[in-house]
Amino acid sequence: MLKSDYKIVFISLLLILLNSCSEIKEEKKFVIGFAQCCNDAWRDVMNSEMQRELSFHPEIDFQFRKSDGDSREQIRHINELIENGIDLLMVAPNEAEPLTPIIEEVYQSGIPVVLIDRKTESELYTAYIGANNYEIGRMAADYIGTTFKENAQIIEIQLVMSISPAIERHRGFIDALSKYPKLKILNSFEITWDLDYFDKSFPDTLNKYPDANIIFAHTDLLAERAHKIARKYGRADSLLFVGIDGIPGTGRGIQAVEDGILDASMLYPTGGGEAIRLAISILNNLPYEKENTLETIVIDEANARILHNQMKKVFSLQENIDEQLQVLNTYKLDSRMQRIFIFVLVSSLILAVILGLSLRKSLLINKAALRDLEFKNQEITKSESRLIKMSEKVKSATQAKIDFFTNVSHEFRTPLTLILGFTDDILPSKVINKGIQQSLKLIHQNAHRLLRLVNQLMDFRKVESNQMTLRASENDLISFIKNVMESFSSAAERRGIDFVLLTRFDQLDLWFDIGMMDKVLFNLLSNAFKFTPDGGKIHISISEDKFDDKVTVIVEDSGTGLSKTDASRIFEPFFQGENQQMLGTGLGLSLSKSLVEMHAGEISVQSSSGKGSRFIVSLPFGKKHLDQTQIISDSKQVASGEMYTENTWAFETKEDEIENGNAGQQILLIEDNKDIQEFLKNKLSNSFQLVQAYDGKDGLDKAKELIPDLVISDIMLPSMDGLEITRALKTDLRTSHIPIILLSARSSIDHQIEGMNTGADAYITKPFNVQFLFAKIKSLLLNRQVLKESFGNHIKSHEIEFGVLDLQEDISPIDLEFLQKFNSYIYQNYTRQEFQVTDLCEELNLSRSQLYRKVKALIGEGISDYIQRVRLSKAEELLIEGKLSVSDIAYTVGYSSPDYFSTVFRSKYGTSPSAFRKNH
Ligand code: FRU
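Residues numbered from 1 in each chain as written. Predicted model: local features only at pLDDT ≥ 70, side-chain atom pairs only at ≥ 80, totals over all residues. Heavy atoms only, no water.

Asker: Got a sec to walk through the overall build of the protein chain? Specific residues and values, please.
Answerer: Each helix and strand counted, the protein chain has 30 helices and 24 strands in total. Out of the 920 residues belonging to the protein chain, those deemed buried represent 47%. (Helix = DSSP H or I, 4+ residues; strand = E, 2+ residues; numbered from the N terminus. Buried < 20%, exposed > 50% of the residue type's maximum accessible area, 1.4 Å probe, protein only.)

Structure (structure tokens):
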């Protein structure tokens, strides 16, 4: 929400609050102050009339003060009311003269003044309401004059003559008396504020005038008190009592007339209700009279009862009205509460609308801001994608270059294979002279160097594209380093370099990828040898850091060293240092760093120009830093090409050995490169029967057709690659037993593992060493031989009996299954004289020649020979057992005649069956 919206909500809330409060208080439009002069029954009637009337006027705030006949107190009350800020003053002035100044003052200040029942000495008031006291005085005289025909001797009991009614009543009475000559005032007795004084002194006045026969008192109360005193003095019956006021209600004036205590009372109406109505008219600027005279009557025995009854009815009506008013008030309260509730409800609604509107407004503002942001974001995204495209272009251009170099490098590997193959081949020859041998070594070394660079570039690509995976096994670091050092030992010797390994360990087991670490160490040593002058030193030290649980290998040389800048950038790819004469690819150290880091290790350099360099490699112990996929469980490392690349001419395998034992064995060579075909043909055809295929499909067909003893296949081939061929051969019952050697330029461990996973028996990377290839061929064929012999030895009677084989040798599941089927069928049928090889061919779903070659390859003998062996083996057992005759045994083991059995037995055992039995 915005700041302005908060303001709106705040103001709305304030207004609602104020409104609610004013609703609860009820709106008071006018304040009326009333100063009542005294406290008596007549005034009680007046006060309650006022209250009743006010109930109909909730808009009036009525402030009431009552002074007990004390003018000074009343003046104080008036001042108080004025201070309260009244809109109109109602006052029944206690005494005329003392109250005149204050009332004039109020009037003159602009506040309307309503005089009730009594007056001041001034005309400065707004209105007067009350009966005409002068007329009342006259009325009293008239009543006495007309009802009392005799001479009337009157005692007048006056109110305090400082109050206006007393003065006027007296005046009216005197004036009217003049009409009646028989009436005479004997005495005018003025009371004091203290009524006890009246009770004490009036008896004297009464006694003083024994002829008095009329008591005229200014109020009924005074008349009744006089009656009481007169009765005390036995004068009550001889006196006529006339009073003023005629207050309704029990024990009051009207009842006193009714009861005969008073002879008459001049009704002096209280006029409370009328006074309020008059004040409200004035406040509302409605027309009003200044002098409002209330009607009066004479109450005597003739009308007192009726009046009393009527007054009673009026009272009950008034009570009724009061009750109704009370009910009304509760309704009013309820309705007020309801109004407040509705008001709050409506206010909340309005507030909600206001909030909703302001929310909408801020939403719109937000939306606009969002649009703005969106637009800016789009702009940023656009420029971002422009940048990305540009960088992608740059990246793909770089990529294309690297790919080109990689591809070219890849292409180098086959010719390098040939060069290294030829040199490997010629170098050991004793017929070439030393000079040529020296040149050949140089060719070999340089071809080898080139190959290493090619390999580095390809490794770098792999690291870059995250295709390089770690294959760690637990190896002895000491012997590993010693092995690598071997490759450099002759160079060290030749150049007089102090090349030693410094360590206190004889053996130190560490988990690492041999291929990778071989590259790292080879690289560090190549560099050291490159930059160290003849006669210098190259030391390798191995130490253990027990605290960090790691091993540190330091390669330290006394070579040219590195400048500070070179040292700080030496591990960056393609970095060319200041030593321009020694330029390399700039990849070796960067690659080494990546390979070390893949082992969770670190590599660093300490060097200074002219003082040699120290390359420090630290590698963690244990295998916690390796995940499961990085661990080779059987610790069998697949041979890396690199490990066989140095000094390969020292390889000792003799071709003659192979030739001698393997002549006549068939090898299928699947290779699309004619040079390699030619090269290998020259090498292999002397020892083996070589069959050549130039593409994948042709190779597979030939393998299925000929069932060769061994297959050598390239991986990259037209029409079908080497991996597919391997898979097809290894899953086909006819060919599954054939050992396969995969030959490939793809030297990565992953490729080798992929090749091995298809079921290949060996994986040799190009460039390969031909002696190594021979050795591999030899070992695979030898394995087969061992298997055959092992199988042959297993053919014991109990195995025949159960038709099962329990070969633990290195045999594929498919071949094991084949042998089990084959053996079990023979066991079930060899006792049948008509049992033939064709039955087996049908059973195993192979052609005769396929079955022959398969069986020959697996068990090393022909099928008939094998069946013969099984039959003879069982016969041998039966002969020793001695239960059956020789002819019975002949038939039992499946021979058609005992003579034929004897011939066959003799050829195998060199003795007749019966002679054999005798000897055993
Ligand atoms: C009551 C009273 C009445 C009398 C009136 C005159 O206070 O004395 O009895 O009629 O005042 O103002």
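Asker: Can you tell me about a nonpolar patch on the surface, naming the residues and giving the values?
Answerer: On the surface, Phe341, Ile342, Leu345, Val346 and Ile350 cluster together into a nonpolar patch covering about 490 Å² of accessible area. Considering the arrangement of structural elements, one finds Phe341 in helix H11 (residues 304–426). Of the residues examined, Phe341 reaches a relative accessible area of 54% and is grouped as exposed. (Patch = residues over 30% accessible without salt bridge, like charges linked within 9 Å, V, L, I, M, F, W, Y side chains within 5 Å. Areas by Shrake-Rupley, 256 points an atom, 1.4 Å probe, with all protein chains shown as cover. Salt bridge = Lys/Arg side-chain N within 4 Å of Asp/Glu carboxyl O.)

Asker: Please set out the nonpolar core residue by residue, giving values where relevant.
Answerer: Counting residues in each nonpolar core, the largest one holds 64 residues, and the members touching the most others are Met50, Phe62, Ile78, Met90, Ile116, Ile144 and Met266. The leading source of residues in this core is helix H10 (residues 272–283), at seven residues. What Met266 contacts, discounting residues up to four positions off in sequence, is Ile136, Met139, Ala140, Tyr143, Val242, Gly243, Ile244, Asp245, Gly246, Thr296, Ile297 and Val298. With 56 residues, the next largest nonpolar core counts Phe460, Ile478, Leu587 and Val605 among its residues. (Core = buried A, V, L, I, M, F, W, Y, C linked by side-chain atoms within 4.5 Å. Contact = heavy atoms within 4.5 Å.)

Asker: Can you lay out the sheet that holds strand E6 (residues 152–158) for me, pointing to particular residues and giving the numbers?
Answerer: With mixed pairing, six strands are arranged side by side in an open sheet as E7-E6-E8-E9-E10-E12. Bordering the open sheet on either side are strand E7 (183–190) and strand E12 (298–300), each of which pairs with just one other strand. Going from strand to strand, the sheet's axes swing by 20 degrees on average, the running direction of each strand aside. Pairing analysis gives three bridges linking strand E10 (residues 264–267) to E12, with the strands arranged antiparallel. Along E12, the bridge assignment pairs Ala264 with Asp300. The sheet contacts of helix H8 (residues 220–232) involve E6, strand E8 (214–217), strand E9 (240–245) and E10, and relative to E9 the element is tilted by about 155 degrees. (Pairing = 2+ DSSP bridges. Axes fitted to C-alpha atoms, helices over the stretch in contact; angles between N-to-C directions.)

Asker: Summarise a negative patch on the surface; cite the residues concerned and give the values.
Answerer: Together, Asp40, Asp44, Asp68 and Asp70 make up a negatively charged patch on the protein surface. The topology assignment puts Asp44 in helix H2 (residues 41–55). Residue Asp44 is classed as partly exposed on the basis of its relative accessible area, which comes to 38%. (Lys, Arg positive; Asp, Glu negative; His and termini not counted. Charge placed at Lys NZ, Arg CZ, Asp CG, Glu CD.)

Asker: Describe in detail the pairing of strand E20 (residues 666–670), supporting the description with residues and values.
Answerer: For a regular strand, side chains alternate in direction, first toward one face of the sheet and then toward the other. Taken across its five residues, E20 has five buried, putting it largely inside the fold. A two-sided burial pattern is seen for E20, the buried positions comprising Gln666, Leu668 and Ile670 on one face and Ile667 and Leu669 on the other. Pairing of E20 with strand E21 (residues 689–693), which is carried by five bridges, proceeds in the parallel orientation. Opposite Ile670, over in E21, you have Ala693 as the bridge partner. After leaving E20, the chain enters helix H18 (residues 674–684) and then returns to the sheet as E21, a path that is right-handed. (Right-handed = clockwise from strand over helix to strand, strands pointing away.)

Asker: Explain unusual backbone geometry to me, and be specific about the residues and the numbers.
Answerer: In this structure, Asp549 takes a positive phi of about 55 degrees despite not being glycine. Tracing the backbone through its elements, the reader meets Asp549 in the loop between strand E16 (537–545) and strand E17 (550–557). You will see that Ala600, though not glycine, has its phi angle at about 60 degrees, which is positive. Take Ala600: it is sitting in the loop between helix H16 (588–598) and strand E18 (602–607).

Asker: Tell me about the site of the ligand, and name the residues and values.
Answerer: The ligand sits among Cys38, Asp40, Arg43, Asp117, Arg118, Pro165, Arg169, Thr219, Asp245 and Tyr268. The side chain of Arg43 places a nitrogen or oxygen atom 3.0 Å from an oxygen atom of the ligand. Here Asp117 contributes a side-chain N or O atom positioned 2.7 Å from an oxygen atom of the ligand. Contact with the protein chains hides 93% of the accessible area of the ligand, taken as 310 Å² for the molecule alone. Looking at the shell around the ligand, its residues break down into three nonpolar, one polar and six charged. (Near = heavy atom within 4 Å. Polar contact = N/O pair within 3.5 Å; in protein donor to acceptor, adjacent residues only side chain to side chain. Nonpolar A, V, L, I, M, F, W, Y, C, P; charged D, E, K, R; others polar.)

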